[in-house]
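# Examining the three-dimensional arrangement
Single-letter residue listing:
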Amino acid sequence: MLLVVAPIWFNIWFAVLARRFDYPDILRKPIEEILSRFRAGGSGLILIWWAFAASGGLFVAAAVLLSIVLFPQAKTASVVALVVGVLAGLVQVLGLLRWVYLVPSLARAYGDAEASEATQSAVEVTFRAFHHYLGVGVGEHLGYLLTGAWTGFVGFAILTGDALAPWLGWVALPLAVGLVAASVEFLGPNEERGWALAGKAVPLLYIAWSLWLLAVGLSLII
């Protein structure tokens, strides 16, 4: 049930953020526009971000239980898959929680009618630093990398076991490769502008990954 609920929950709140906050396109806008629109969203927008971050927690629980189902005998493989899955969900939560506990105070300080130019400049530097570290580094780079690795572990377990249909394992492998490849979008020579191909591929990969996760969950239920 968690494997079914987690991707549905994730995509519902992703769609709500896309409508209310123009997410994820808003992330490429000037900082002034991002903070102004965030402040205009009020407490309701903060709660939406919290709900979106909670999808990572649902995935953590699902990854723990699935490792027990798929690796009943292989204890080492079970532990590795469990740790990778938990970390994949945890880094997503850590990256998204900045919108719940950090960005609100930055938006207030930036939009204060009495804020000096120096204060606004300091807010911009702080926002940019946390955006690149928690958003791009932790949430996206580590998130994509660990999610791809976990998907690969699960795909291999499905193919070598008998708990699920083999086609679910074959579907998992290219998704795993795609997510791992997308994790280098802003790495090395791509650090400043990003790898355009990865940026276009990530939304499609996550839609396909969500459908695959649903299929795995439904297969276990049925």
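Residues numbered from 1 in each chain as written. Predicted model: local features only at pLDDT ≥ 70, side-chain atom pairs only at ≥ 80, totals over all residues. Heavy atoms only, no water.

A word on the packing of aromatic side chains. Summed over all chains, the structure comprises 20 aromatic pairs. When the centroid spacing of 5.5 Å and the interplanar angle of 70 degrees are considered together, the rings of phenylalanine 14 and tyrosine 23 count as edge-to-face. Ring centres of tryptophan 99 and phenylalanine 127 lie 6.1 Å apart, and the angle between their planes is 75 degrees; on these two criteria the pair is classed as edge-to-face. With tryptophan 99 in helix 4 (residues 98–101) and phenylalanine 127 in helix 6 (residues 117–160), this residue pair connects regions lying 28 residues apart in the sequence. Both residues of the pair, tryptophan 99 and phenylalanine 127, belong to the buried class. (Phe/Tyr/Trp six-rings, centres within 6.5 Å; stacked < 30°, edge-to-face > 60°. Helix = DSSP H or I, 4+ residues; strand = E, 2+ residues; numbered from the N terminus. Buried < 20%, exposed > 50% of the residue type's maximum accessible area, 1.4 Å probe, protein only.)

On to the side chain of serine 183, then. By the element assignment, serine 183 lies in the loop between helix 7 (166–182) and helix 8 (196–221). A distance of 2.5 Å separates a polar side-chain atom of serine 183 from the backbone oxygen of valine 180. Not counting the four nearest positions on each side in its chain, serine 183 is found in contact with His141, Tyr144 and Leu145. (Polar contact = N/O pair within 3.5 Å; in protein donor to acceptor, adjacent residues only side chain to side chain. Contact = heavy atoms within 4.5 Å.)

Attention shifts here to the nonpolar core. Leu70, Trp150, Trp209 and Trp212 are the most contacted members of the largest nonpolar core, which totals 34 residues. Broken down by secondary-structure element, the contributors of at least two residues to this core are helix 2 (31–70), helix 3 (75–96), helix 6, helix 7 and helix 8. In terms of residues, this core owes the most to one element, helix 8, which gives nine residues. Among the nonpolar cores identified, the runner-up in size contains 24 residues, and Tyr23, Ile31, Trp49 and Leu102 belong to it. (Core = buried A, V, L, I, M, F, W, Y, C linked by side-chain atoms within 4.5 Å.)

A few words on the packing of helix 7 against helix 8. Between helix 7 and helix 8, the least distance of the axes is 10 Å, while the angle of their chain directions is 150 degrees. Viewed along their axes, helix 7 and helix 8 adopt a mutual orientation that is roughly antiparallel. In this structure, helix 7 crosses over helix 8, and the sense of that crossing is left-handed. Contacts between helix 7 and helix 8 pair Trp167, Leu168, Val171, Ala172, Leu175, Gly178, Leu179 and Ala182 from the former with Ala198, Val202, Leu205, Tyr206, Ala208, Trp209, Trp212, Ala215, Val216 and Ser219 from the latter. (Axes fitted to C-alpha atoms, helices over the stretch in contact; angles between N-to-C directions. Parallel < 35°, antiparallel > 145°, perpendicular 65-115°, else oblique. Left-handed = near helix turned anticlockwise from the far one by under 90°.)

Approximately 910 Å³ is the volume attributed to the largest pocket. Along the walls of the largest pocket sit 43 residues, with Phe10, Phe14, Tyr23, Tyr144 and Val202 positioned nearest its centre. Counting residues per element, the ones that place at least two in the lining of the largest pocket are helix 1 (2–21), helix 2, helix 3, helix 4, helix 6 and helix 8. Sort the elements by how many residues they give to the lining of the largest pocket and helix 8 lands first, with nine residues. Of the residues that constitute the lining of the largest pocket, the class distribution is 24 nonpolar, 13 polar and six charged. Here the second largest pocket is characterised by a volume of approximately 150 Å³. Every residue lining the second largest pocket is listed: His132, Val136, Gly137, Glu140, His141, Tyr144, Ala182, Ser183, Glu185, Phe186, Leu187 and Glu191. In terms of residue count, helix 6 provides more of the lining of the second largest pocket than any other element does, six residues in total. (1 Å grid on protein atoms, 1.4 Å probe; cavity = no way out; pocket = protein on both sides within 12 Å on 5 of 7 lines; lining within 4 Å. Points joined across faces, edges and corners; volume = space filled by probe spheres on them. Nonpolar A, V, L, I, M, F, W, Y, C, P; charged D, E, K, R; others polar.)

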